[in-house]
Amino acid sequence: MPKPPTCRAARRRSGPSRPWRPASRGTCGGRSRSRTRACASWPTPRRVLTPTRCAAPSSSAAGCPSGGSQELRRSGLLRALWTSGDVLHRPADGDTPERLVVAVRSGREVLGSIWAAADGKALAPDAARHLRTAAGLAAPLLVRERLRESGTAHRREAALRGLLHGLGDRRTHAWSLGLSPDAPCAVVVAEREASGPVDDRSLDVLVLELAAHRPGTGVLRDGDRLTLLLTGDGSAADHEAAVLAVVRELDAVVASLPGGAAVWLGAGPVVPPERAAESHERATLVVRALRERERRALAGGQPRPPRYADAGGAGPALEVLRVLDAVRPVWESGSGPVHDLIRTDLATGGDLVRTLAAYLDAGGDVPAAARRLVVHPNTLRYRLGRLRERHGVDLDDPDTRLLLILAARLGGSS
């Protein structure tokens, strides 16, 4: 955020700060008239339209035009400014000129502030009265600007959401976001573990990281998920490498947070803006594949795999997920011994489904599956034998095995 321009006569000085006092309604400590300079800004970082000459965006406390936020806190100005309804006055002191400041308010809400500093001479006796008038005139302008910026943000969010989900005219959405038709873009999905700490701020930290280092990134926040649109101006290959580098950086940021929730990051392929929905769909599948891969690795006593990948890094798991999504409606409408077995077991906790999944994932290797389930191999053989006896399920039949594999996968991901 660029630093606000300061009025020359209102620059910070060294040494102890003079106190800020409410200005009297008749004078400002001097009788000779002089030119004044006024500065207005938002108390939080944002662009602002003001009627005064030195208006600028500000990242400092209270949007002040001079000095730093630490000096203002020491002087007591910030507290006085937000609690006082009148003009505050600071007398001249050494090379620091006489200054006035007033908060611009809409009801009880502080919209910004207007500053005035003497330019070599004392301020005019009626300067405080004029500053009060200016604050009243500035309030509707700042309200109008805030509403305009809010409306712009909502329009951009609607355009970004439409582009990522393939809703409406995608070309118009891209134009609204300022994207050229051939600009390379890719979607990154960051999904936080829903069962993490209630006060977890991992996704908030990622948003701040992006705002600081990639301010042009499109960001959508939906509960425990962030959807990011990363655009570039180079070749598709260069942008693909850049997107993966960003994903690695975000993963490192999350990993550095003490006690933070798990966050999985999936990057979709680089596409033109009009095909951003395809990249979004693929990035979502990557996250699902990463979560499933970690679940299966931990269940098998293996080290935790990385929590980020692009479409290539996720491997064939993406196509498996697409097949499972396509098969699910068919499975849910079917019937038969396998369906009855899976539905009954899931209703009572799903122990048998987990046993089948471990056995089938191990390729029928009973000792390996038993180690994964932390049971004796004979215990596993007994459980598998009951499938034939109680449910009429033959694990030696290829068609039955295929149906069981699909059922175990669908049951495990539901």
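Residues numbered from 1 in each chain as written. Predicted model: local features only at pLDDT ≥ 70, side-chain atom pairs only at ≥ 80, totals over all residues. Heavy atoms only, no water.

Student: What is the right way to look at the environment of Glu319 in this model?
Tutor: Tracing the chain through its elements places Glu319 in helix α9 (residues 317-332). A sequence separation of 30 residues divides Glu319 from Ala289, and the C-alpha atoms of the two residues are 9.8 Å apart. (Helix = DSSP H or I, 4+ residues; strand = E, 2+ residues; numbered from the N terminus.)

Student: What's the story with the sheet that holds strand β9 (residues 263-267) in this structure? I'm lost.
Tutor: Consider a sheet: its strands pair through backbone hydrogen bonds, and that pairing is either parallel or antiparallel. Read across the sheet, 5 strands follow the order β7-β8-β6-β9-β10 without closing on themselves; strand pairing throughout is mixed. Each edge of the open sheet is held by one strand with a lone partner, namely β7 (218-222) and β10 (308-310). Here the average twist between neighbouring strands, direction ignored, is 15°. One ladder, built from 3 bridges, connects β9 with β10; its direction is parallel. Among the inter-strand pairings, Ala267 is bridged to a residue of β10, identified as Asp310. (Pairing = 2+ DSSP bridges. Axes fitted to C-alpha atoms, helices over the stretch in contact; angles between N-to-C directions.)

Student: For this particular structure, what's the right way to read unusual backbone geometry?
Tutor: Residues other than glycine predominantly adopt negative phi, and peptide bonds predominantly adopt the trans conformation. The phi dihedral of Val374 is positive, around 60°, even though this residue is not glycine. Within the secondary structure, Val374 sits in the loop between α12 (366-373) and α13 (377-391). Relative accessible area serves as the criterion here: at 72%, Val374 is assigned to the exposed category. (Buried < 20%, exposed > 50% of the residue type's maximum accessible area, 1.4 Å probe, protein only.)

Student: Before we go on, may I ask you to explain the side chain of Arg192 in this structure?
Tutor: Positionally, Arg192 belongs in strand β6 (residues 185-192). A relative accessible area of 12% places Arg192 in the buried class. Within the structure, Arg192 has its side chain in polar contact with the side chain of Asp224 (distance 2.7 Å). Non-local contacts of Arg192, meaning those with residues more than four positions away in its chain, are made with Asp200, Leu203, Arg221, Gly223, Asp224, Ala261, Ala262, Val263, Trp264 and Arg291. (Polar contact = N/O pair within 3.5 Å; in protein donor to acceptor, adjacent residues only side chain to side chain. Contact = heavy atoms within 4.5 Å.)

Student: In this structure, what is going on with the layout of surface pockets? I would like to understand it.
Tutor: Leftover empty space is mapped by rolling, across the atoms, a probe with the size of a water molecule. In this structure, the second largest pocket spans a volume of roughly 790 Å³. For the second largest pocket, the lining is made up of 33 residues, of which Glu292, Arg295, Arg296, Asp361 and Arg409 are closest to its centre. Contributions of two or more residues to the lining of the second largest pocket are made by α7 (276-299), α9, α11 (351-361), α12 and α14 (398-413). Per-element tally for the lining of the second largest pocket: the top contributor is α7, with 10 residues. Of the residues belonging to the lining of the second largest pocket, the class tally is 17 nonpolar, 6 polar and 10 charged. (1 Å grid on protein atoms, 1.4 Å probe; cavity = no way out; pocket = protein on both sides within 12 Å on 5 of 7 lines; lining within 4 Å. Points joined across faces, edges and corners; volume = space filled by probe spheres on them. Nonpolar A, V, L, I, M, F, W, Y, C, P; charged D, E, K, R; others polar.)

Student: Got a minute to help me understand the nonpolar core in this structure?
Tutor: Nonpolar side chains in soluble globular proteins tend to be buried together. Ranked by internal contacts, the top residues of the largest apolar core, which has 26 residues, are Leu163, Leu164 and Leu229. Only α3 (127-165), β6, α7 and α9 provide two or more residues apiece to this core. What Leu164 contacts, discounting residues up to four positions off in sequence, is Val187, Leu220, Thr227, Leu229, Ala276, Ala277 and His280. Listed in part, the 22 residues of the second largest apolar core include Val353, Ala370, Val393 and Ala407. (Core = buried A, V, L, I, M, F, W, Y, C linked by side-chain atoms within 4.5 Å.)

Student: Is there a simple way to explain the side chain of His173 in this structure?
Tutor: The topology assignment puts His173 in helix α4 (residues 170-176). Accessibility expressed as a relative area gives 15% for His173, which makes it buried. Engagement of the side chain of His173 in a polar contact is seen with the backbone oxygen of Leu167, the distance being 2.7 Å. Excluding its chain neighbours within four sequence positions, the residues that come into contact with His173 are Ala159, Gly162, Leu163, Leu167 and Gly168.

Student: Is there a simple way to think about the packing of helix α10 (residues 337-347) against α11 in this case?
Tutor: Helix packing geometry: the angle between the two helix axes and the distance between the axes. Look at α10 against α11: their axes get within 7 Å of each other, and the N-to-C directions meet at 120°. As far as their axial angle goes, α11 and α10 are oblique. Residue-level inspection shows Leu341, Ile342, Asp345 and Leu346 of α10 in contact with α11, the latter providing Asp351, Leu352, Val353 and Leu356. Of the residues assigned to the contact of α10 with α11, the class counts are 6 nonpolar, no polar and 2 charged. (Parallel < 35°, antiparallel > 145°, perpendicular 65-115°, else oblique.)

Student: Whenever I open this one, the confidence of the model for the protein confuses me. Can you help?
Tutor: Low-pLDDT portions of the prediction should not be read for the details of their coordinates. For the protein, per-residue confidence averages 77 on the pLDDT scale, and 79% of positions sit at 70 or higher. Considering only residues more than four positions removed or in separate chains, one finds that residues 1-16, a stretch of pLDDT under 50, has 39 contacts. Predicted confidence for residues 26-67 stays below pLDDT 50, and this span has 145 contacts to residues more than four positions away or in other chains. (pLDDT = per-residue confidence, 0-100.)

Student: When you look at the pattern of salt bridges in this model, what are you seeing that I'm missing?
Tutor: Working definition: two side chains of opposite charge can pair if their charged atoms are close together. Counted under the stated rule, the structure contains 16 salt bridges. Note that Arg161 is salt-bridged to Asp222, the shortest N-O span being 3.3 Å. Pair noted here: Arg161 is in helix α3 and Asp222 is in strand β7, with a separation of 61 residues, a long-range link. Residue Asp222 is classed as partly exposed on the basis of its relative accessible area, which comes to 38%. Here Arg201 and Asp204 are joined by a salt bridge, their closest N and O atoms 3.7 Å apart. Bridged by salt links that share partners, the residues Glu157, Arg161 and Asp222 form one connected network. (Salt bridge = Lys/Arg side-chain N within 4 Å of Asp/Glu carboxyl O.)

Student: Mind showing me how you'd approach the environment of Arg248 here?
Tutor: If you trace the backbone, Arg248 turns up in helix α6 (residues 236-255). Between the C-alpha atom of Arg248 and that of Ala309, which follows or precedes it by 61 residues, the distance is 8.6 Å.

Student: In this structure, what is going on with α12? I would like to understand it.
Tutor: Each turn of an α-helix holds 3.6 residues, which means side chains three or four residues apart point in the same direction. Within α12, the full set of buried residues consists of Val366, Ala369 and Ala370. The arc enclosing the buried residues of α12, seen along the axis, measures out at 100°, which places them on a common side. At its buried positions, α12 is contacted by α11 and α13. A side-chain oxygen of the first residue of α12 lies 3.2 Å from the backbone nitrogen of Ala368; this N-cap is Asp365. Trailing α12 by a residue or two, Val374 shows a phi angle of about 60°, which is positive. (Arc of directions from axis to C-beta.)

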